[in-house]
Amino acid sequence: MSRGVFAALLAFLVLSSSPAAAESSKTGWDDVDFPVWAKDIRRAEIITLGSLPFVTLWTTLGYSIFEYGEFRNPLNKSSDSFTVEDQKKIIAVSAGACVALGIFDLLVTKASRSVRGRRVREGGAVTVRPGSGDGGARPDGGREYLMEGVCEDAVF
């Protein structure tokens, strides 16, 4: 029975990875596919989960100094290490701090995007005008241009 299941699974994997199936599938993701709010949530998730080891290290250090007056090694398996209740407290505080850090970054990102949008709306479009020419001659003899306004992304 197990040989039949294994053979069926192997046949499925081989046939599903055929070149015809690969041609019909999309080959990558584009930034246009995702809305801005989804990118913001993903960034907050990455910051929350990525900061967990570092926040846990600093929480362990702070907890051991606050509670015991000395640094206790969390990797030490001896009896003078942290109890199970201490470990639960440290993990709970670390997880809460990481979530707070992710939410704070989300709020800062949204606020900065709002400020940039307001500046663009108030300042109008970016204007490019010929320079006065008294800033010095360019060696290639080209014209000097000045750019005024707020520009978030530009290609020159």
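What counts and what doesn't
Residues numbered from 1 in each chain as written. Predicted model: local features only at pLDDT ≥ 70, side-chain atom pairs only at ≥ 80, totals over all residues. Heavy atoms only, no water. Helix = DSSP H or I, 4+ residues; strand = E, 2+ residues; numbered from the N terminus. Buried < 20%, exposed > 50% of the residue type's maximum accessible area, 1.4 Å probe, protein only. Contact = heavy atoms within 4.5 Å. Areas by Shrake-Rupley, 256 points an atom, 1.4 Å probe, with all protein chains shown as cover. Salt bridge = Lys/Arg side-chain N within 4 Å of Asp/Glu carboxyl O. Phe/Tyr/Trp six-rings, centres within 6.5 Å; stacked < 30°, edge-to-face > 60°. Lys NZ or Arg CZ within 6 Å of the ring centre and 35° of its normal. Patch = residues over 30% accessible without salt bridge, like charges linked within 9 Å, V, L, I, M, F, W, Y side chains within 5 Å.

(A) Inspection of the overall build of the chain at higher detail. Counting its regular elements, the chain contains four helices and two strands. Along the chain, from the amino end to the carboxyl end, the secondary structure elements read α-α-α-α-β-β. With 156 residues in all, the chain has 14% of them scored as buried. Partitioning the intrachain contacts of the chain with sequence separation of at least 6 by distance along the chain shows that 47% fall at a separation of at least 24. Split by element, the accessible area of the chain, about 12,600 Å² in all, is 64% carbon and sulfur.

(B) Region of the structure containing the pattern of salt bridges. Counting across every chain of the model gives five salt bridges. Arg43 is the salt-bridge partner of Asp105, the closest N and O atoms lying 2.8 Å from each other. On the criterion of sequence distance, the pair formed by Asp105 in helix H4 (residues 84-123) and Arg43 in helix H3 (residues 36-68) is long-range, its members being 62 residues apart. Owing to a relative accessible area of 14%, Asp105 belongs among the buried residues under this scheme. Classification of Arg43 as partly exposed rests on a relative accessible area of 42%. When the shortest N-O distance is used, the salt bridge between Glu85 and Lys88 registers 4.0 Å. Of this pair, Glu85 and Lys88 both sit in helix H4, three residues apart, roughly one helical turn. Residue Glu85 is classed as partly exposed on the basis of its relative accessible area of 48%.

(C) A look at the packing of aromatic side chains. Applying the stated criterion across every chain yields a total of two aromatic pairs. An aromatic cluster of three or more residues is present, and its members are Tyr63, Tyr68 and Phe82. Residue placement shows Arg72 over the ring face of Tyr68; its charged tip is 3.7 Å from the ring centre.

(D) Examining the side chain of Arg72 more closely. Within the element layout of this structure, Arg72 appears in the loop between H3 and H4. What makes Arg72 buried here is its relative accessible area of 18%. With sequence-adjacent residues up to four places away left out, Arg72 is seen in contact with Thr60, Ser64, Asp80, Ser81 and Phe82.

(E) Structural detail: a nonpolar patch on the surface. Taken together, Phe54, Leu57 and Trp58 make up a surface patch of nonpolar side chains, about 410 Å² in accessible area. When you line up the elements, Phe54 lands in helix H3. Using a relative accessible area of 57% as the deciding quantity, one classes Phe54 as exposed.

These figures come from the coordinates and say nothing about function on their own.
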